Every structure is written in C-alpha cells, then in structure tokens.
Amino acid sequence: MKAPFRERLGFDGANGQVLDENRRYMLMRPEALMGMFRRLDDETRQKTLDALAASVIEMGGDSARAYKAHGGGDVDALLATVANTAPDLGWGAWSFARNSSSINLTVRNSPFAAGYGSASQPVCHAIAGMVTAVGRMVLDSDDVVARETECVACGAPACRFEARQV
C-alpha cells in the first residue's frame with residue numbers, strides 16, 4: 001500500500017517546490033484564488049471557472065490515474081484514496097457514494113466556497129473537475145461530467161456533486 005499523501009510529499013526548499021513523485025503542488029490561500037473570480041464580471045467569471053474545471057479534469061486526472069494504478073486498478077480503492085487525499089490538500093472532507101450509473105460526493109468545508117463567500121451560483125468548479133476525472137475512471141466512460149448540485153456559498157449545509165454519463 002502506498003504511503004498517505006502527506007507522507008509522500010517532498011518539500012524541496014532549495015528549489016522552492018513541493019512534490020508527490022513528479023507531480024508538483026503549491027500552497028495558496030483559497031481567498032487569494034477565489035477573490036480573483038469575485039472580481040470578474042458574470043460572463044468572464046463563468047468562463048474562467050469552467051476553464052479551471054477543465055484544467056483540473058486534465059491535471060487532476062493525471063493524479064487520479066496514478067492513484068488508480070497504485071491501487072491495482074480497483075475503483076473503490078481509487079475513491080478511498082481521493083477521499084483520503086482531499087483533506088491533505090486542504091480541499092475539505094470528502095465522502096463518496098456510488099452506484100452503477102453515478103457517483104455522488106459530499107464535501108464538508110470546501111475551501112473554494114469558503115474562499116469565495118456568498119454566491120448566487122455554485123463556485124466549487126475545481127472539485128467538480130476532479131470528480132469528473134475520477135468519475136470517468138470509475139464509470140468507465142469519457143462522457144461522464146460532474147456538476148455541483150448544492151454549494152455552501154449558496155447557503156447549503158455542504159457542497160454536493162453528482163457525476164454521471166451525459
């Protein structure tokens with residue numbers, strides 16, 4: 001079994017980087033990232049949040065593929081690894097449920113919702129991107145898309161996501 005995420009991180013102060021194998025991470029306050037989105041007009045905000053989700057599908061997908069390989073290809077092990085890694089990344093506390101046609105995720109303490117503040121639309125596009133990437137592996141289809149169905153930024157008690165084939 002692979003070591004927990006936090007234990008795998010290498011902090012290379014001389015070169016200013018944090019690595020998990022060859023995947024680089026960085027620490028950033030969520031208010032700094034989400035504050036950028038708050039400053040954009042509605043149309044530009046939506047486009048950039050969608051671009052963030054697309055980027056996470058790609059880059060988060062690389063991480064998820066590595067997690068799946070380390071788990072021997074088992075999708076339940078993949079979901080457990082992603083759920084256990086999310087808090088170490090500061091992405092909140094994740095809880096997955098799945099059936100044959102969908103994956104549901106509940107996130108408590110989303111940094112994206114907390115960093116954004118009050119909103120009229122869901123703002124956790126990065127998490128939706130990661131759930132899309134993972135959902136494509138678990139449901140074995142490139143046509144899987146995740147959407148945020150409830151968001152703390154909109155007043156919900158937790159952020160909830162559903163990934164299913166479109």
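For the structure itself, look to the data block above.
Residues numbered from 1 in each chain as written. Predicted model: local features only at pLDDT ≥ 70, side-chain atom pairs only at ≥ 80, totals over all residues. Heavy atoms only, no water.

Student: Any chance you could explain the overall build of the chain here in plain terms?
Tutor: In terms of regular secondary structure, the chain is built from six helices and seven strands. When the helices and strands of the chain are read in sequence order from the N terminus, they spell out α-β-β-β-α-α-α-β-β-α-α-β-β. Computed over the C-alpha atoms, the radius of gyration of the chain is 16 Å, within 12% of the 15 Å expected from 2.2 N^0.38 for a compact globule of 166 residues. For the C-alpha atoms alone, the extent of the chain along its principal axes is close to 45 × 45 × 25 Å. Residues counted as buried form 42% of the 166 residues belonging to the chain. Of all intrachain contacts in the chain linking residues separated by at least 6 positions in sequence, the fraction that spans at least 24 positions is 50%. Here the chain contributes 18 positive and 20 negative side-chain charges, whose respective centroids are spaced 3 Å apart. (Helix = DSSP H or I, 4+ residues; strand = E, 2+ residues; numbered from the N terminus. Rg over C-alpha atoms; globule rule 2.2 N^0.38 Å. Buried < 20%, exposed > 50% of the residue type's maximum accessible area, 1.4 Å probe, protein only. Contact = heavy atoms within 4.5 Å. Lys, Arg positive; Asp, Glu negative; His and termini not counted. Charge placed at Lys NZ, Arg CZ, Asp CG, Glu CD.)

Student: Where do I start with helix α2 (residues 30–38) in this structure?
Tutor: The periodicity of an α-helix, 3.6 residues per turn, causes residues three or four places apart in sequence to face the same way. Listing the buried residues of α2 in full gives M34, G35 and F37. Buried residues along α2 cover an arc of 155° about the axis, so they all sit on one side. Residues of α2 that are buried make contact with α3 (42–70) and α5 (111–116). (Arc of directions from axis to C-beta.)

Student: In this structure, what is going on with the pairing of strand β2 (residues 17–20)? I would like to understand it.
Tutor: The two faces of the sheet receive side chains in turn, since in a regular strand these alternate between them. Residues V18 and D20 line the buried face of β2, whereas the alternating positions Q17 and L19 sit on a face that is not buried. Across three bridges, the pairing between strand β1 (residues 10–12) and β2 is antiparallel. The residue of β2 that forms the bridge with F11 is V18. Linkage of β1 to β2, two consecutive antiparallel strands, is achieved through a turn of four residues, within which G16 is found at a positive phi near 65°. Strand direction decides the pairing type here: β2 and strand β3 (residues 23–25), joined by three bridges, are antiparallel. Within β3, the residue paired with V18 across the bridge is Y25. From the end of β2 to the start of β3, which pair antiparallel, there are two residues, and E21 there has a positive phi angle of about 55°. (Pairing = 2+ DSSP bridges.)

Student: Sorry, what's going on with the pairing of strand β7 (residues 159–165) here?
Tutor: Across six bridges, the pairing between strand β5 (residues 102–108) and β7 is antiparallel. In the strand pairing of β7, V107 is matched with C159. One ladder, built from six bridges, connects strand β6 (residues 144–150) with β7; its direction is antiparallel. Bridge pairing in β7 links R147 to E162.

Student: Where do I start with the packing of aromatic side chains in this structure?
Tutor: The geometry of an aromatic ring pair is captured by the separation of the ring centres together with the interplanar angle, meaning the angle of the planes. Across all of its chains, the model carries four aromatic pairs by this definition. Considering the side-chain rings of W91 and W94, the 6.3 Å spacing of their centres and the 50° angle between planes classify their relative orientation as tilted. A centroid spacing of 5.0 Å and a plane angle of 85° characterise the contact between W91 and F112, whose relative ring orientation is edge-to-face. Taken together, the positions of W91 in the loop between α4 (75–89) and β4 (93–98) and F112 in helix α5 put the pair 21 residues apart, joining distant regions of the chain. Put simply, the rings of W91, W94, F96 and F112 touch in pairs and so form one group of aromatic residues. (Phe/Tyr/Trp six-rings, centres within 6.5 Å; stacked < 30°, edge-to-face > 60°.)

Student: Just checking my understanding: could you explain the sheet that holds β6 for this structure?
Tutor: Strand order in the open sheet formed by four strands is β4-β5-β7-β6, and the pairing between neighbours is antiparallel. If you trace the sheet from one side to the other, it starts and ends with β4 and β6, each paired once. Between one strand axis and the next, the sheet turns by 20° as a mean value, whatever way the strands run. Contacts between helix α6 (residues 125–138) and the sheet are confined to β4, β5, β6 and β7, with β6 contributing the most and set at about 135° to the helix. (Axes fitted to C-alpha atoms, helices over the stretch in contact; angles between N-to-C directions.)

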